[in-house]
Amino acid sequence: MGIKASIILLLLFFLSCNDQQELPVLSHYINEQGKRTEYDISKFHFTDHFGNKFNDQSIKDKVVLMNFFFTRCPTICPKMIVPLKDIAEDFRNNDEFLINSISIDYINDTTSVLHSYAENHDALMSSNWYFLHSTEKELLHISELLRTSFKIEKNTEDFYHSSYAALIDKKQRIRGFYNLLDDESIITLKSDIDLLLE
């Protein structure tokens, strides 16, 4: 292979790497004036599975993987917990990464129920994984923020109870949605977490 060809291949390699360094900011909407307006995941008040307060300050300067579930779910939730455990294990030593699993069953999933659920699924081993309880009002607030961005990217509103999780950067902006039941999506997710942690 000639020198010129080698240089071209190297340039293409570095350019392709640079393209992968940028994740889109998905937390935005088009306002009445037709202008793109960004927002962040902020101003929420939850309680974690230990009974402690958990709010937007709890995820400040953190990369967060956020999903919805409920403990009585017999379908996708038990399947989703397997890759979540794997991700929690991979990033367990990184203080800048969190997993937030938010229960959509605010009536039955009390903090004690969430604690038992985490314990039964060996999730208590992960200090970076929080199972969160909320009021109906707070739940609707955070779900609407996530659903708006999900609809923009996936052209659907089905995020509230789906197999998808949202990746949020240190500025509390949504950067991607990933299907936790798809192996290729999990590989991409782990790579994107690494990018946001750099």
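Remember, predicted model here, so these are calculated numbers, not experimental data. All residue numbers refer to position in the chain's written sequence, counted from 1. It should be noted that, the model being predicted, local features are given only for residues of pLDDT at least 70 and side-chain atom pairs only at 80 or more, the latter also being counted only at that level, while totals for whole chains, interfaces and linings use all residues. Each side-chain value is derived from all of the structure's non-hydrogen atoms; neither hydrogens nor water enter the calculation.

**Q** Mind showing me how you'd approach the overall build of the protein here?
**A** Every helix listed is a DSSP run of H or I at least four residues long, and every strand listed is a run of E at least two residues long, numbered separately from the N terminus. In terms of regular secondary structure, the protein is built from five helices and nine strands. Written out in order from the N terminus, the α and β elements of the protein read α-β-β-β-β-β-α-β-α-β-α-β-β-α. Categorising residues by exposure relies on relative accessible area from a 1.4 Å probe, with only protein chains included: less than 20% of the type maximum marks a residue as buried, more than 50% marks it as exposed, and the intermediate range marks it as partly exposed. Here the protein holds 198 residues, and the buried ones make up 44% of them. Computed with a 1.4 Å probe, the accessible areas rest on the Shrake-Rupley method; for each residue, only the protein chains presented here act as cover. For the protein, the computed accessible surface area is about 11000 Å², with 52% contributed by carbon and sulfur atoms.

**Q** Hey, could you run me through the sheet that holds strand β9 (residues 174–179) in this one?
**A** Whenever strands of a sheet pair, they do so through backbone hydrogen bonds, lying parallel or antiparallel. Pairing in this open sheet of seven strands is mixed, and the strands run β4-β3-β7-β6-β5-β8-β9 from one edge to the other. Strand pairing shows two members of the sheet lacking a second neighbour, β4 (53–55) and β9, which therefore form its edges. Strand-to-strand twist of the sheet, defined as the mean angle between neighbouring strand axes without regard to direction, takes the value 35°. Looking at chain direction, strand β3 (residues 45–48) and β4 are connected through three bridges and run antiparallel. Each bridged residue has a counterpart across the sheet, and for threonine 47 the counterpart in β4 is lysine 53. The strands touched by helix α2 (residues 76–90) are β5 (63–69), β6 (97–103) and β7 (129–133); relative to β5, the strand with the most contacts, the crossing angle is about 165°. Contacts: residue pairs with any heavy atoms within 4.5 Å of one another. Only the contacting stretch of a helix is used when fitting its axis, a line to C-alpha atoms as for every element, and angles between N-to-C directions run 0 to 180 degrees. Each of β5, β6, β8 (164–168) and β9 is contacted by helix α5 (residues 183–197), which is oriented at about 155° to β9, the strand it contacts most. By definition, two strands form a pair when at least two bridges between them are found by DSSP.

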